[in-house]
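Structural overview
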Amino acid sequence: MQTTWKGTISFGLVSIPVHLYSATQEHDVPLHQVHAKDGGRVRMKRYCEREEKEVPYAEIAKGYESPDGRTVTLTDEDLADLPLPSKKIIDVLAFVDAGEIDPLMFSKAYYVGVADQAAAKPYALLRDALVDSGQIAVTKIALRTRESPAVLRVHDGTLVLQTCIWPDEVRPAAGIAPEENVTVRPQELKMARSLMDTLSEDFDLAQLHDDYQQALQQVITARLEGVELPHEEEPGPAPDNVIDLMEALRSSLKQAKGGRAPAAEPEEKPAPRKRAPAKTTAAAAKKTTSAKKTPAKTPARKSTAPRKAS
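Residues numbered from 1 in each chain as written. Predicted model: local features only at pLDDT ≥ 70, side-chain atom pairs only at ≥ 80, totals over all residues. Heavy atoms only, no water.

Turning to the pairing of strand S11 (residues 158–164), a few remarks are in order. In terms of residue burial, S11 counts as a mostly covered element, since six of its seven residues are buried. Where strand S8 (residues 106–114) meets S11, four bridges bridge the pair, whose relative direction is antiparallel. Residue pairing for S11: Ala109 is matched across the bridge by Gln162. Pairing analysis gives six bridges linking strand S10 (residues 146–155) to S11, with the strands arranged antiparallel. Its bridge partner being in S11, Val151 is matched across the sheet by Gln162. Between S10 and the antiparallel strand that follows it, S11, lie two residues; Asp156 among them carries a positive phi value of about 50 degrees. (Buried < 20%, exposed > 50% of the residue type's maximum accessible area, 1.4 Å probe, protein only. Helix = DSSP H or I, 4+ residues; strand = E, 2+ residues; numbered from the N terminus. Pairing = 2+ DSSP bridges.)

Below, the structure written as structure tokens:
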């Protein structure tokens, strides 16, 4: 693995000579600029405007143009001799909890290795102290032509230096999120949490792969072999708005569970209405009173005894 930077970690009065190695690499299909008409390679030439001719790369330096039009030329030696303390030293400034730094500030990661065997003991001391405290170290480092804040943390038993952007380089998020007052019902929140739990079951980040690079390689192979290009089916139109949020959550949860419908969530039911007491009209009351006062007539019974003969 190629060394990216050489210097020293300053941890109080403890010095740790270290080397930095790039911890990440990006996989992509190399594409070049070509002439669409005949496929001829298009190359960018380094052209000097004053001499009106192409110049070799060895004669190229960096420059700065002032507001009044003057140009200052800076050589590699000028940049290497900048009066910067963090040029060869990673100075540990403080130790903070990992949650105190927003991941939005994180940039490129580097593995930190020891420069010699004598650095093994202080290296292990700093690493174990970070693991034991659950904290990260805040530092500053100058890489190439830029000084950046950085953090030291532990990954798989190895110190990792993660460069960051400066706090004032984070753009404010004001006015992006919905400003109106949106009310989320408890049932909707519960259903969303259930969907989150279902989608997270048996998830393995290592199983993710780059579909774009795979599709691009298929198109390139088809061009080389002179066969029909592969095509993806056109997706249906996306809905303009979610009309029934609960129904959309239920459908999403059903799809995530492989077609099994989720248990129905109880809907909010209105409180039952109390019945008003029946009204008694004056006529009905009078009729009821009369019925109570008038005794019911009993029909006369017919005699069943036989008559005597005269």
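The rest of the description comes next.
This next bit is on the side chain of Thr139. Assignment of secondary structure puts Thr139 in strand S9 (residues 135–143). When its relative accessible area of 0% is taken as the criterion, Thr139 is described as buried. When neighbours within four sequence positions are excluded, Thr139 is seen to be in contact with Ile90, Asp91, Val92, Leu93, Ser148, Pro149, Ala150, Val151, Leu152 and Leu161. (Contact = heavy atoms within 4.5 Å.)

This part takes up the pairing of strand S2 (residues 14–22). Relative to S2, strand S1 (residues 3–11) runs antiparallel, the two being bridged by eight bridges. Counted as the bridge partner of Lys6 is His19 from S2. Here S1 hands over to S2 after two residues, with Gly12 in that stretch at a positive phi of 70 degrees. Two strands pair when backbone bridges link them, and S2 and S8 are joined in this way by five bridges, in the antiparallel orientation. Within S8, the position partnered with Leu20 by the bridge is Val112.

Attention now goes to the confidence of the model for the protein. Taken residue by residue, the protein gives an average pLDDT of 81. The fraction at 70 or more is 79%. Looking across the protein, the model is least confident in helix H6 (residues 282–293), with a mean pLDDT of 46, and most confident in S11, with 96. Across residues 276–310 the pLDDT falls below 50, and counting only partners more than four positions away or on other chains, this stretch makes one contact in the model. (pLDDT = per-residue confidence, 0-100.)

Our focus in this paragraph is the pattern of salt bridges. In total, this model carries six salt bridges according to the counting rule given. Note that Arg146 is salt-bridged to Glu169, the shortest N-O span being 2.9 Å. Here Arg146, found in strand S10, pairs with Glu169, found in the loop between S11 and helix H3 (186–200); they are 23 residues apart in sequence, far enough to count as distant. Judged by relative accessible area, which is 39%, Arg146 ranks as partly exposed. Overall, the relative accessible area of 36% leaves Glu169 in the partly exposed class. Across the salt bridge formed by Glu188 and Arg185, the nearest N and O atoms sit 3.5 Å from each other. By relative accessible area, Glu188 is classed as buried at 12%. By relative accessible area, Arg185 is classed as partly exposed at 27%. (Salt bridge = Lys/Arg side-chain N within 4 Å of Asp/Glu carboxyl O.)

A few words now on the nonpolar core. Counting 20 residues, the largest nonpolar core has Ile9, Leu20, Val112, Ile141, Leu152 and Leu161 as its most contacted members. Within the residue set of this core, elements represented by two or more residues are S1, S2, strand S7 (89–97), S8, helix H2 (120–133), S9, S10 and S11. The next biggest cluster of nonpolar side chains, apart from the first, holds six residues, and it includes Ile101, Met105, Ile136 and Val151. (Core = buried A, V, L, I, M, F, W, Y, C linked by side-chain atoms within 4.5 Å.)

Time to look at the packing of aromatic side chains. Within this structure, the stated rule accounts for one aromatic pair. Considering the side-chain rings of Phe11 and Phe95, the 5.7 Å spacing of their centres and the 75 degrees angle between planes classify their relative orientation as edge-to-face. One end of the pair, Phe11, is in strand S1; the other, Phe95, is in strand S7, and 84 residues separate them in sequence. Residue classification places Phe11 among the partly exposed positions, given a relative accessible area of 22%. Over the face of the ring belonging to Tyr110 we find Lys108, whose NZ or CZ atom lies 5.7 Å from the ring centre. (Phe/Tyr/Trp six-rings, centres within 6.5 Å; stacked < 30°, edge-to-face > 60°. Lys NZ or Arg CZ within 6 Å of the ring centre and 35° of its normal.)

So, about the environment of Lys108. Along the polypeptide, Lys108 turns up in strand S8. Note on Lys108: relative accessible area 31%, which makes it partly exposed. Sequence-wise, Lys108 and Ala150 are 42 residues apart; in three dimensions their C-alpha atoms are separated by 9.5 Å. Beyond its immediate sequence surroundings of up to four residues, Lys108 is in contact with Ser22, Thr24, Leu161, Gln162 and Thr163.

A cluster of acidic residues, Glu26, Asp28, Asp210 and Asp211, forms a negative patch at the surface. When you line up the elements, Asp28 lands in the loop between S2 and strand S3 (47–48). (Patch = residues over 30% accessible without salt bridge, like charges linked within 9 Å, V, L, I, M, F, W, Y side chains within 5 Å. Areas by Shrake-Rupley, 256 points an atom, 1.4 Å probe, with all protein chains shown as cover. Lys, Arg positive; Asp, Glu negative; His and termini not counted. Charge placed at Lys NZ, Arg CZ, Asp CG, Glu CD.)

Turning to the sheet that holds S10, a few remarks are in order. Strand order in the closed barrel formed by seven strands is S1-S2-S8-S11-S10-S9-S7, with mixed pairing between adjacent strands. Averaged over all pairs of adjacent strands, the angle between strand axes in this sheet comes to 40 degrees, irrespective of strand direction. Against the sheet, H2 touches S1, S2, S7, S8, S9, S10 and S11, its axis set at about 75 degrees to S10. (Axes fitted to C-alpha atoms, helices over the stretch in contact; angles between N-to-C directions.)

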